[in-house]
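Here's the letter readout for the chains.
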Amino acid sequence: QVQLVESGGGLVQPGGSLRLSCAASGRIFSINAMGWYRQAPGKQRELVAVVISGGNTNYADSAKGRFAVSRDNAKNTVYLQMNSLKPEDTALYYCNADIRTGSLSPVFRFWGQGTQVTVSS
């Protein structure tokens, strides 16, 4: 089994910063992309940022210039540094990872349980 555990969410004032972490553990042979999505109440889940195994990154327009995604391959961990936070960034943030559990296994996408980020004064 594979588990993804997020941490780092919380309440922050507008203009503040938070750093989210997500660690993957369990039966892991290799990890391709790792990323962050978010879902606000009444809205669909949306991509925030993704980083592939080679280090290339992709961001939603709303995250460009404010958020930075990175990963530590030795720790199977992905991070999301969020700066200049706005009230509209309030959402449940989920991490995911595209993982092979064996050398011959297909790639499966695993999800964390989510961590709440609330931006409010």
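Above this text sits the structure in question.
What comes next is a walk through the structure. (Residues numbered from 1 in each chain as written. Predicted model: local features only at pLDDT ≥ 70, side-chain atom pairs only at ≥ 80, totals over all residues. Heavy atoms only, no water.)

**As for the nonpolar core**
- One finds Leu 4, Trp 36, Leu 80, Met 82 and Tyr 93 to be the most contacted residues of the largest nonpolar core, which totals 30 residues.
- Among the elements of the structure, β1 (2–7), β3 (18–26), β4 (30–39), β5 (46–51), β7 (67–72), β8 (77–82), β9 (91–100) and β11 (115–119) are those that each provide at least two residues to this core.
- Looking at this core element by element, the count peaks at five residues for β9.
- When sequence neighbours within four positions are dropped, the list of residues in contact with Tyr 93 reads Glu 6, Leu 20, Trp 36, Tyr 37, Arg 38, Val 48, Phe 67, Leu 80, Met 82, Gly 114, Thr 115 and Val 117. (Core = buried A, V, L, I, M, F, W, Y, C linked by side-chain atoms within 4.5 Å. Buried < 20%, exposed > 50% of the residue type's maximum accessible area, 1.4 Å probe, protein only. Helix = DSSP H or I, 4+ residues; strand = E, 2+ residues; numbered from the N terminus. Contact = heavy atoms within 4.5 Å.)

**Description of the packing of aromatic side chains**
- By the definition in use, this model includes one aromatic pair.
- Centre to centre, the rings of Tyr 37 and Trp 111 are 5.2 Å apart; their planes meet at 65°, and the pair counts as edge-to-face. Of the two residues, Tyr 37 is situated in strand β4 and Trp 111 in strand β10 (residues 107–111); the sequence distance between them amounts to 74 residues.
- Against the face of Tyr 79 rests Arg 19, its NZ or CZ located 4.1 Å from the ring centre.
- The positively charged end of Arg 45 is found above the aromatic ring belonging to Tyr 94, 3.8 Å away from the centroid. (Phe/Tyr/Trp six-rings, centres within 6.5 Å; stacked < 30°, edge-to-face > 60°. Lys NZ or Arg CZ within 6 Å of the ring centre and 35° of its normal.)

Any functional reading would require information beyond the geometric quantities listed.
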